[in-house]
Amino acid sequence: MISEVVTFKLRPGMTRAEVVAIYRRTSAIWRANPDCIRKCYLYEEEKRLGGGVYLWKSLAAAKRAHGDEWRRMINDLYGSEDEISITYFETPIVADNLVQRTIEEEPVAGKAA
């Protein structure tokens, strides 16, 4: 599994309510993506940042989802195409209190556990 942390600058003057309304509209996109396990939306008022923390089945899936079309969408919705930061993390274990279990990725052949 891969965790992806995405942040982007919000257009000047955007309110929290406006940002959250966009998040609500876009949540269906991520719920429909079979490679996206979970997305947590982020909002930071003081630094004027929005974003998300995603849990993906693979790095390839994360990169496919956040290509040029997605960048254009971010610019259209938030005005921040040139101010996007993406960081990827290997995620071998998730302690999930919502489903009350620990999720462990399948071992990859040739990789030490």
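That block above? That's the structure.
Because the structure is predicted, anything quoted here is derived from the model rather than measured.

(A) Expanded view of helix α1 (residues 16-31). Taking 1.5 Å of rise per residue, the 16 residues of α1 would be expected to cover 22 Å, and the 22 Å separating its terminal C-alpha atoms lies within 8% of that figure. The largest bend along α1 measures about 35° and falls at R25. Listing the buried residues of α1 in full gives V19, V20, I22, Y23, T26 and W30. Tucked into the core, α1 has its buried residues touching β1 (2-9), β2 (36-44), β3 (49-56), α2 (59-65) and α3 (68-78).

(B) Main features of α3. Of all the residues in α3, the buried ones are W70, I74 and Y78. Projected down its long axis, α3 shows its buried positions confined to an angular sector of 45°, all on one face. With respect to the buried face of α3, the exposed residues turned more than 90 degrees away are D68, E69 and D76. At its buried positions, α3 is contacted by β1, α1, β3, α2 and β4 (84-90). Backbone geometry just downstream of α3 places G79 in the positive-phi region, at approximately 70°.

Basis of the calculations
- Residues numbered from 1 in each chain as written.
- Predicted model: local features only at pLDDT ≥ 70, side-chain atom pairs only at ≥ 80, totals over all residues.
- Heavy atoms only, no water.
- Helix = DSSP H or I, 4+ residues; strand = E, 2+ residues; numbered from the N terminus.
- Expected span 1.5 Å × (residues − 1).
- Bend = angle between axes of the 7 residues up to and from the residue.
- Buried < 20%, exposed > 50% of the residue type's maximum accessible area, 1.4 Å probe, protein only.
- Contact = heavy atoms within 4.5 Å.
- Arc of directions from axis to C-beta.

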